[in-house]
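# Close look at the chain arrangement
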Amino acid sequence: MLEWAHLGINASIPRNKGPECANYLTMKRRIVETFFISLYIIALLRWSWKRIKLPKKVPYAYTPRKGKTFLLALMCLVFGIEIGFKLMGKTFVYILNPCHIITILEIYLLAAEPDSPTITAVFRLVVSGFNGPVLAYAFPETDCRPLVQVNLSHMLCPAILDPFDGQNYRLWATTHQFLLIPILYKLFCISAQYLFTKFPLTRVNSEFSIIDVSAVQKSVDNNEVNKDSRKEHKHEE
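Since this is a predicted model, take the numbers as computed values, not measurements.

## Quick look at the UniProt feature "transmembrane region" (unreviewed entry) in the protein chain
- With numbering matched to this structure, UniProt assigns "transmembrane region" (unreviewed entry) to residues 31-49 and 69-85.
- Structurally, residues 31-49 is divided into 100% helix and 0% strand, and its ends, taken at the C-alpha atoms, are 26 Å apart.
- Secondary structure within residues 69-85 divides into 100% helix and 0% strand; the distance between the first and last C-alpha atoms comes to 24 Å.

Structural data, given as structure tokens:
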């Protein structure tokens, strides 16, 4: 029934698909790991939920930017081609890869108006997914993407290049991602603060804080008035 989603996956690639990969871990091992890791995740969620703070309303002054529109159109085009390619190749299950989920969220961020707590929450989720590209560059596997014995995101068996190859590879993954995700998140925040407050080419404010929207809007209005004045002056000439 789901042949259109997985039939085109190349089973000849090692650890890509098939019963050997699906049976890499015993069912008992999977149940035990899933149980204890789920408890661990629930504990983290309870701990973090009390500390998550989202602004009730995000001050925002709208300024049309052609670069943003172009990037949105380009990402939609490329992602549409990706979907078409996967449907034609009967590998649509790959759309559940974390990289594609992040792409969907990024398209949403580019299309939506950034003035709500939802946008802030989604943006934080995207930033917390930066570990994916880092791992993809560190251990590239372009051919390998758990459903119908498909090793999606290497949940059924470890990647060929996985340095923690073995029966404990998922436990090792839980451990190193516990460290990698917050480290990358903090590095992003530090880099963004430097670029927006220190770096001459991208600096927009002396402090990384909420921008005075009224001042920004006033500046935008003044620029528009100046443009109109210049146009009228040229027309009179």
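There's more to say after this.
## Here's the deal with a nonpolar patch on the surface
- Judged by side-chain polarity, Val-32, Phe-35, Phe-36, Leu-39 and Ile-42 come together as a nonpolar surface patch covering roughly 490 Å² of accessible area.
- On the secondary structure map, Phe-36 appears in helix H3 (residues 27-49).
- Residue Phe-36 is classed as exposed on the basis of its relative accessible area, which comes to 54%.

## Quick word on the packing of aromatic side chains
- Scanning all chains against the criterion turns up seven aromatic pairs.
- With centroids separated by 6.1 Å and ring planes inclined at 80°, the aromatic side chains of Tyr-24 and Tyr-169 adopt a geometry described as edge-to-face.
- Of the residues examined, Tyr-24 reaches a relative accessible area of 22% and is grouped as partly exposed.
- Residue classification places Tyr-169 among the buried positions, given a relative accessible area of 4%.

## Remarks on the state of the cysteines
- Counted according to the given criterion, the structure contains one disulfide.
- Between the sulfur of Cys-21 and that of Cys-157 lies a disulfide, 1.9 Å long from S to S. Between Cys-21 and Cys-157, the disulfide has an S-S torsion of -90° and is therefore left-handed.
- Taking relative accessible area as the criterion, Cys-21 reaches 5% and is therefore assigned buried.
- Judged by relative accessible area, which is 0%, Cys-157 ranks as buried.

## What about helix H4 (residues 66-88)?
- With 23 residues, H4 ought to run about 33 Å at 1.5 Å a step, and its terminal C-alpha atoms sit 33 Å apart, in line with that.
- Note on H4: the residue one or two positions beyond its end, Lys-90, has a positive phi of about 55°.

## Description of the packing of helix H6 (residues 117-128) against helix H8 (residues 169-197)
- Contact pair H6 / H8: the axes reach a minimum separation of 9 Å and the direction vectors enclose 115°. Touching Phe-123, Arg-124, Val-127 and Ser-128 of H6 are Ile-181, Tyr-185 and Phe-188, all from H8.

Rules behind the numbers
Residues numbered from 1 in each chain as written. Predicted model: local features only at pLDDT ≥ 70, side-chain atom pairs only at ≥ 80, totals over all residues. Heavy atoms only, no water. UniProt positions renumbered as here; feature names shortened; annotations may be inferred. Helix = DSSP H or I, 4+ residues; strand = E, 2+ residues; numbered from the N terminus. Patch = residues over 30% accessible without salt bridge, like charges linked within 9 Å, V, L, I, M, F, W, Y side chains within 5 Å. Areas by Shrake-Rupley, 256 points an atom, 1.4 Å probe, with all protein chains shown as cover. Salt bridge = Lys/Arg side-chain N within 4 Å of Asp/Glu carboxyl O. Buried < 20%, exposed > 50% of the residue type's maximum accessible area, 1.4 Å probe, protein only. Phe/Tyr/Trp six-rings, centres within 6.5 Å; stacked < 30°, edge-to-face > 60°. Disulfide = S-S within 2.5 Å. Expected span 1.5 Å × (residues − 1). Axes fitted to C-alpha atoms, helices over the stretch in contact; angles between N-to-C directions. Contact = heavy atoms within 4.5 Å.

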